[in-house]
Amino acid sequence: MEAYLLKGTLPRLSRIFFMHSIKIISLLLAVSIISFVLVSASPVDPVQQYITGLGTAVSPEQRAQIEDYWGVDKPPAERYMNWLTDLLHGDLGESSVYRRPVADIIGERFLNSLALMLCAWVISGVLGFLLGCVMGMYRERWPDKILKKVCYILSSVPTFWLGLVFLLVFSVWLKWFPVGFSAPAGVLSENVTVWQKIHHLILPAFTLALMSFSSIALHTRQKLSDVLDSEYVLFARARGEGEWSILRRHGLRNILLPALTLQFASFSELFGGSVLAENVFSYPGLGSAVSEAGLSADIPLLLGITLFSALFVCAGNMAADLLYGIIDPQIREVKE
């Protein structure tokens with residue numbers, strides 16, 4: 001039986017991987033075109049922003065040389081094709097703000113953002129699933145009513161406002177956590193300990209997690225309520241099974257996959273929320289980098305982060321579909 005399920009699962013996973021790969025390539029191409037059009041239509045002049053950042057006046061000849069070096073004097077279609085050609089060769093361009101290759105900046109900042117999002121993702125998933133199970137087991141009673149109100153309130157509170165409140169309470173008043181950054185100020189990176197990194201990570205990760213756990217908790221509550229109202233659960237109660245035994249034997253099996261799908265789909269929400277959280281806590285990740293790129297009209301860095309974020313979200317959705325076949329091999333497409 002296990003060999004049969006494995007035999008049916010592997011082709012399905014291969015088909016899912018192939019279909020998602022085609023979708024990801026098409027989506028990245030569409031995102032690159034739309035992003036390039038929007039950036040080209042922006043009223044902000046990147047050359048002028050660069051000159052302003054230098055703090056010195058330049059002659060018209062020097063400005064023309066800068067425009068020729070960046071290629072901004074060419075038609076938009078030609079600039080896009082040149083950028084796309086360089087992208088296919090692995091060259092994302094050079095950031096005008098950091099004076100470094102865009103790929104190096106994304107690789108460095110992504111590690112910080114990944115640590116932040118993974119911590120927030122795990123906290124939100126575990127917390128949301130557990131609270132959803134509690135709300136489902138205590139439907140329409142006081143634990144359910146209180147937790148539902150908490151979920152509704154937190155889902156409507158802006159990330160930056162909650163981050164500022166946490167900074168004021170836990171950093172300024174109680175002094176339990178640092179005010180910001182990913183490491184103590186004035187300490188070399190090689191001298192920063194793991195505990196210091198975790199200490200700086202806790203507050204922004206917890207802030208980001210509280211903004212995304214509500215949907216998982218409410219969704220899990222509804223799915224568990226549907227399971228508890230089913231006929232086979234009614235039969236289990238008639239046999240004398242307890243409520244928590246029913247949850248363990250019948251409920252978790254039916255609510256785990258929907259919660260897992262919603263959890264992986266929250267990648268986009270986490271990535272969007274990390275932009276605000278990183279700016280509030282001065283955390284050096286992709287979110288703060290994309291804000292600096294937008295304010296400074298750093299087009300190569302802005303396009304590179306936009307393309308990378310779309311790839312990251314698509315990879316999360318594909319991982320959810322692939323895990324379907326691993327967790328429950330009986331979920332397969334019907335053979336024609």
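For the structure, see preceding data.
In this numbering scheme, every chain counts its residues from 1 along its sequence in written order. It should be noted that, the model being predicted, local features are given only for residues of pLDDT at least 70 and side-chain atom pairs only at 80 or more, the latter also being counted only at that level, while totals for whole chains, interfaces and linings use all residues. Excluded from the side-chain calculations are hydrogens and water; all other atoms, namely the structure's heavy atoms, are used.

Undergrad: Explanation requested: unusual backbone geometry in the structure shown.
TA: Comment: phi is negative for the bulk of residues other than glycine, and the bulk of peptide bonds are trans. Positive phi outside glycine occurs at Glu140, with the angle close to 60°. Within the secondary structure layout, Glu140 lies in the loop between helix 5 (102–137) and helix 6 (142–156). Even without glycine at this site, Lys175 takes up a positive phi of about 60°. Checked against the element boundaries, Lys175 lands in the loop between helix 7 (159–173) and helix 8 (194–210). A residue is classified by how much of its surface remains accessible, and Lys175, at 64% relative accessible area, is exposed. Numbering of helices and strands runs from the N terminus, with a helix taken as a DSSP run of H or I at least four residues long and a strand as a DSSP run of E at least two residues long. Note on exposure labels: buried denotes an accessible area under 20% of the residue type's maximum, exposed denotes more than 50%, and partly exposed covers the range between, all computed with a 1.4 Å probe on protein chains only.

Undergrad: Even after reading the chapter, I still don't get a nonpolar patch on the surface, so can you show me in this structure?
TA: Together, Leu168, Val172, Trp173, Leu174 and Trp176 make up an exposed nonpolar region whose accessible area comes to about 540 Å². Along the chain, the position of Val172 falls in helix 7. Here Val172 falls in the partly exposed class, since its relative accessible area comes to 42%. Patch membership requires more than 30% relative accessible area and the absence of a salt bridge. Residues of like charge join within 9 Å; the nonpolar side chains Val, Leu, Ile, Met, Phe, Trp and Tyr join within 5 Å. Each accessible area is a Shrake-Rupley result for a 1.4 Å probe, and residues are judged covered by the shown protein chains and nothing else. A pairing counts as a salt bridge when a side-chain nitrogen of Lys or Arg comes within 4 Å of a carboxyl oxygen of Asp or Glu.

Undergrad: Is there a simple way to think about helix 6 in this case?
TA: Along an α-helix, a turn takes 3.6 residues, which lines up residues three or four apart on a common side. Multiply 1.5 Å by the residue count of a helix minus one, and that product is the helix's expected span. Spanning 15 residues, helix 6 covers 22 Å between terminal C-alpha atoms, matching the ideal 21 Å at 1.5 Å per step. Within helix 6, the full set of buried residues consists of Pro143, Asp144, Leu147, Lys148, Cys151 and Leu154. All buried residues of helix 6 lie within an arc of 135° about the axis, which places them on one face of the element. Looking at helix 6, the residues exposed on the side facing more than 90 degrees away from the buried face are Trp142, Lys149, Ile153 and Ser156. Residue contacts are defined here by distance: any two heavy atoms, one from each residue, within 4.5 Å place the two residues in contact. Elements that come into contact with the buried residues of helix 6 comprise helix 5, helix 8 and helix 9 (213–228). By arc we mean the arc of the directions from the helix axis to the C-beta atoms, nothing more.

Undergrad: Quick question: what am I supposed to make of the nonpolar core here?
TA: Generally speaking, soluble globular proteins have nonpolar side chains that are buried together. Nine residue types can take part in a nonpolar core, namely buried Ala, Val, Leu, Ile, Met, Phe, Trp, Tyr and Cys, and a core is a set of them joined through side-chain atoms within 4.5 Å. Counting 26 residues, the largest nonpolar core has Ile106, Leu116, Leu208, Leu286, Leu301, Ile305 and Phe312 as its most contacted members. Counting only elements with at least two residues in this core, the list comes to helix 5, helix 8, helix 11 (243–265), helix 12 (267–280), helix 13 (286–295) and helix 14 (299–327). Looking at this core element by element, the count peaks at eight residues for helix 5. Those residues in contact with Phe312 that sit more than four places away from it in its chain are Phe110, Leu114, Met117, Phe267 and Phe271. Counting residues in hydrophobic clusters, the runner-up holds 16 residues, among them Leu147, Leu167, Leu203 and Leu210.

Undergrad: Help me understand the pattern of salt bridges in this model?
TA: When their charged atoms lie close together, side chains carrying opposite charge are able to pair. Enumeration over the complete set of coordinates arrives at four salt bridges. Across the pair Arg139 and Asp229 runs a salt bridge, and its minimum N-O distance is 3.0 Å. Of this pair, Arg139 sits in the loop between helix 5 and helix 6 while Asp229 sits in the loop between helix 9 and helix 10 (231–238), placing them 90 residues apart in sequence. Look at Asp229 and you get exposed, because its relative accessible area is 55%. Asp144 is the salt-bridge partner of Arg221, the closest N and O atoms lying 2.8 Å from each other.

Undergrad: When you look at the packing of aromatic side chains in this model, what are you seeing that I'm missing?
TA: Here a ring pair, both rings aromatic, is described through the centre-centre distance and the interplanar angle of the planes. Stacked, edge-to-face and tilted labels apply to pairs of Phe, Tyr and Trp rings (six-membered ring for Trp) whose centres lie within 6.5 Å, assigned for plane angles under 30 degrees, over 60, and everything in between, in that order. Applying the stated criterion across every chain yields a total of nine aromatic pairs. Taken together, a centroid distance of 5.7 Å and an interplanar angle of 75° make the contact between Phe110 and Phe312 edge-to-face. Highlighted residues: Phe110 in helix 5 and Phe312 in helix 14, separated in sequence by 202 residues. One exposure class covers both Phe110 and Phe312, and it is buried. With a centroid separation of 5.9 Å and 40° between ring planes, the pair formed by Phe170 and Trp176 is classed as tilted. Classification of Phe170 by relative accessible area gives partly exposed; the value is 23%. On the basis of relative accessibility, which here comes to 51%, the residue Trp176 falls in the exposed class.

Undergrad: Sorry, what's going on with the layout of surface pockets here?
TA: Over the atoms rolls a probe the size of a water molecule, and its path tells where empty space is left. In this analysis, the protein atoms alone were mapped onto a 1 Å grid. Cavities are point sets where a 1.4 Å probe fits without being able to get out; pockets are open sets with protein on both sides within 12 Å along at least five of seven lines; lining residues have an atom within 4 Å of a point. Grid points are joined across faces, edges and corners, and a volume is the space filled by probe spheres set on the points. Taken as a whole, the largest pocket spans an internal volume of roughly 660 Å³. As for the largest pocket, its lining consists of 26 residues, of which Tyr69, Trp70, Gly71, Glu94 and Pro300 are closest to the centre. Contributing elements (two or more residues each) for the lining of the largest pocket: helix 2 (46–54), helix 3 (60–70), helix 4 (76–88) and helix 14. The nonpolar class holds Ala, Val, Leu, Ile, Met, Phe, Trp, Tyr, Cys and Pro. Asp, Glu, Lys and Arg form the charged class, and all remaining residues, Gly among them, are polar. Of the residues that constitute the lining of the largest pocket, the class distribution is 13 nonpolar, five polar and eight charged. Counted as a void, the second largest pocket has a volume near 390 Å³. Around the second largest pocket, the lining comprises 19 residues; the ones closest to its centre are Asn112, Ser182, Ala183, Val192 and Lys197. Listing elements by their share of the lining of the second largest pocket, those giving two or more residues are helix 5 and helix 8.

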